[in-house]
Amino acid sequence: SALVDLRGLEKVYTTRTGDVHALSDVDLQIEEGEFLAIVGPSGCGKTTLLKILAGLEEHSRGSAAIGGHPIAAGNGDVGMVFQKATLLPWRDILSNVLLPLSLRRRPTAADRQKALDLLRMTGLDEFSGKRPHELSGGMQQRAAICRALVHDPSLLLMDEPFGALDAMTRDILNVEVNRIWRETGTTAVLITHSISEAVFLAERVIVMSPRPGRIVDEIEIPFGKER
Ligand code: ADP
Ligand code: ADP
């Protein structure tokens, strides 16, 4: 059975000026280990969908489950990467990467090793003791990916992770993400405005359309994705 199972999902935001129908009739299954990309114009509900998967936003109707369990606030076993790396400026890179774990418990030696392994995988091992401002934008975003993966989430969610970077850095990071996905076997969901990025990274691309936000097309990208 699928890792992620969304059925008849609806999302309505209630605002002072009326209801906003952000998602309608979303049926989506994501297999364990799959890489899924979501594309579509601004306002089609991409971020809302990702927030529901992360347990950051409640849905209005339908069902949403990860690993057979209904998604509820706080139980989200997910790692998230946003457009901005949002690293804590006064902490070094290693402790930023460890943050999802240190919020729950005192990190163990094994936790530190896991963080250092991720930093090595992304070429940041020499920067573990540096502060975020000492790293380039691309390196900070790599650190944010390490932070999202340090607690072995069942799902890696990325919301336009490289949208703020220059084209060359973006291309390099796309190659990195592809390698990380193959090496970790993680299930990944990526929001992007770039069709070429979606086709390069994902095995399946869903296309959304606004007013109300819904899935209007689905494209399989089978080539070149073997692990
Ligand atoms: P994007 O298109 O990249 O998702 P937006 O500008 O649409 O960015 O949204 C940025 C943030 O503002 C999101 O977190 C979204 O949930 C929130 N947002 C968008 N529209 C509204 C709104 N009408 N009222 C309150 N918050 C909103
Ligand atoms: P996308 O990420 O594709 O740009 P969003 O999920 O941000 O789309 O937004 C989908 C719709 O829901 C838009 O009409 C947006 O204005 C609205 N919206 C998003 N967040 C909020 C919010 N917190 N409150 C009210 N409306 C919102």
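Before going into details, it helps to say that this report is about the structure given with it. (Residues numbered from 1 in each chain as written. Chains lettered and ligands numbered in written order. Predicted model: local features only at pLDDT ≥ 70, side-chain atom pairs only at ≥ 80, totals over all residues. Heavy atoms only, no water.)

**Comments concerning the environment of Ser-24**
Within the secondary structure layout, Ser-24 lies in strand β2 (residues 18-30). Sequence spacing of Ser-24 and Lys-11 is 13 residues, and the spatial spacing of their C-alpha atoms is 6.7 Å. Contacts of Ser-24, omitting those with residues within four sequence positions, involve Leu-9, Glu-10, Pro-212, Gly-213 and Arg-214. (Helix = DSSP H or I, 4+ residues; strand = E, 2+ residues; numbered from the N terminus. Contact = heavy atoms within 4.5 Å.)

**Considering the packing of aromatic side chains**
Applying the stated criterion to the full structure yields 1 aromatic pair. With 5.7 Å between their ring centres and 80 degrees between their planes, Phe-35 and Trp-181 make a pair best called edge-to-face. Here Trp-181 lies in helix α6 (residues 167-184) and Phe-35 lies in strand β3 (residues 35-39), a separation of 146 residues in the sequence. Judged by relative accessible area, Phe-35 falls into the buried class, the value being 0%. Among the residues examined, Trp-181 registers a relative accessible area of 1% and is labelled buried. Residue placement shows Lys-11 over the ring face of Tyr-13; its charged tip is 4.9 Å from the ring centre. (Phe/Tyr/Trp six-rings, centres within 6.5 Å; stacked < 30°, edge-to-face > 60°. Buried < 20%, exposed > 50% of the residue type's maximum accessible area, 1.4 Å probe, protein only. Lys NZ or Arg CZ within 6 Å of the ring centre and 35° of its normal.)

**Considering the pattern of salt bridges**
Using the criterion set out here, one finds 10 salt bridges in the structure. The shortest N-O distance in the salt bridge between Asp-111 and Arg-105 comes to 2.8 Å. In this structure, a network of salt bridges that share partners links the residues Arg-142, Glu-176, Arg-179 and Glu-183. (Salt bridge = Lys/Arg side-chain N within 4 Å of Asp/Glu carboxyl O.)

**Things to note about the site of ligand 2**
Taken together, Tyr-13, Thr-15, Val-20, Ala-22, Pro-41, Ser-42, Gly-43, Cys-44, Gly-45, Lys-46, Thr-47 and Thr-48 make up the full set of residues near ligand 2. Here a nitrogen atom of ligand 2 sits 3.5 Å away from a polar atom, N or O, in the side chain of Tyr-13. Between Thr-48 and ligand 2, the recorded distance is 2.6 Å, taken from a side-chain N or O atom to an oxygen atom. Considered on its own, ligand 2 offers 560 Å² of accessible surface; in the complex 62% of this is hidden by protein. Every element with two or more residues in the shell around ligand 2 is listed here: β1 (4-15), β2 and α1 (46-54). Top contributing element to the shell around ligand 2 by residue count: α1, with 3 residues. In the shell around ligand 2, the residues fall into 5 nonpolar, 6 polar and 1 charged. (Near = heavy atom within 4 Å. Polar contact = N/O pair within 3.5 Å; in protein donor to acceptor, adjacent residues only side chain to side chain. Areas by Shrake-Rupley, 256 points an atom, 1.4 Å probe, with all protein chains shown as cover. Nonpolar A, V, L, I, M, F, W, Y, C, P; charged D, E, K, R; others polar.)

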